[in-house]
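Residue-level structural notes
Listed here are the chains, written in short residue letters.
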Amino acid sequence: MKKRGRPLKYDHDEALDSAIQVFWSKGLTATSLDDLADAMNMNRPSIYNAFGNKKSIYRKAFARFVAQLGEQLDRNLFGEQDLKKAMKQFYSSALDTYFIGAAPLGCFVTCTAVVEAATYPEIRKDLDVVIKRIDTIIEKRLLAAQQEGSWPKDGDTENVAKLLHATLQSLAVRARSGESRSSLKIMYSSAVDMLC
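This report concerns the structure included in the present document. (Residues numbered from 1 in each chain as written. Predicted model: local features only at pLDDT ≥ 70, side-chain atom pairs only at ≥ 80, totals over all residues. Heavy atoms only, no water.)

1. Description of the packing of helix H7 (residues 121-148) against helix H8 (residues 157-177)
A packed helix pair is summarised by two numbers, namely the angle formed by the two axes and the spacing between the axes. As a packed pair, H7 and H8 sit with axes 8 Å apart at the nearest point and diverge in direction by 125 degrees. Here H7 is positioned oblique relative to H8, judged by the angle of their axes. Along this stretch, H7 crosses H8, giving a crossing that reads as right-handed. In contact with Ile131, Ile134, Asp135, Ile138, Glu139, Leu142, Leu143 and Gln146 of H7, H8 contributes Thr157, Glu158, Val160, Ala161, Lys162, Leu164, His165 and Gln169. Each residue belonging to the contact of H7 with H8 can be placed in one class, and the counts come to 8 nonpolar, 4 polar and 4 charged. (Axes fitted to C-alpha atoms, helices over the stretch in contact; angles between N-to-C directions. Helix = DSSP H or I, 4+ residues; strand = E, 2+ residues; numbered from the N terminus. Parallel < 35°, antiparallel > 145°, perpendicular 65-115°, else oblique. Left-handed = near helix turned anticlockwise from the far one by under 90°. Contact = heavy atoms within 4.5 Å. Nonpolar A, V, L, I, M, F, W, Y, C, P; charged D, E, K, R; others polar.)

This is the structure in structure tokens:
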């Protein structure tokens, strides 16, 4: 039997990708439903029916961005055997993302969720999960380097992973504030040389 009603006239993932761009530029609070409707090419009732309210759209966009980030992390950190090369590829790839578009926006997670976490407990929880996940993935890469004998056996994998992650967060903020890509490359290269 055929379903009644009009067929969906939007692509779910494309609509979320458009929402990501709006939230990434303006943040959750400053983004209006009209901004989202224009970007997603949907009317407001359709947006509500498909995605829920503005916070719900943000959280779905956040989850989509994080899933893409996870794939990027695995590809860059575990696709290269040399630890220093792997970390530098990881940061270079992050800068590719941060510098998309005319004005660098930094990281969607770092540059939007941190601001909203104080107001929305669900977003604070989402942010905490992502921070711990990235810490864990970087620590796993350091542990692999220890097992291979390319990183000191007595190295503090947990805290070095947090410092490497903090470097990533700093790159995001500095990119958004206007620091040049060449300057940020020098910064992450120095961090990798010191920590790895």
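Structure's up, so let's keep going.
2. Looking at the nonpolar core
By size, the foremost hydrophobic cluster in this structure holds 58 residues, and its most contacted members are Phe23, Leu36, Met40, Met87, Tyr91, Tyr98 and Phe108. Counting residues per element, this core draws most heavily on helix H4 (residues 54-78), which supplies 9 residues. Sequence-distant contacts of Met40, defined by excluding residues within four places in its chain, comprise Ala15, Ser18, Ala19, Ile47, Phe51 and Ile57. (Core = buried A, V, L, I, M, F, W, Y, C linked by side-chain atoms within 4.5 Å. Buried < 20%, exposed > 50% of the residue type's maximum accessible area, 1.4 Å probe, protein only.)

3. Focus on the packing of aromatic side chains
Scanning the entire structure with this criterion turns up 9 aromatic pairs. A centroid spacing of 6.4 Å and a plane angle of 50 degrees characterise the contact between Phe62 and Phe108, whose relative ring orientation is tilted. A residue pair is termed long-range when its members are at least 10 positions apart, and Phe62 in helix H4 and Phe108 in helix H6 (residues 108-116) qualify at 46 residues. With a relative accessible area of 0%, Phe108 lands in the buried category. Centre to centre, the rings of Phe65 and Phe108 are 5.3 Å apart; their planes meet at 50 degrees, and the pair counts as tilted. Remark: Phe108 occurs in helix H6 and Phe65 occurs in helix H4; sequence separation between them is 43 residues. Each member of the pair, Phe65 as well as Phe108, carries the same accessibility label: buried. (Phe/Tyr/Trp six-rings, centres within 6.5 Å; stacked < 30°, edge-to-face > 60°.)

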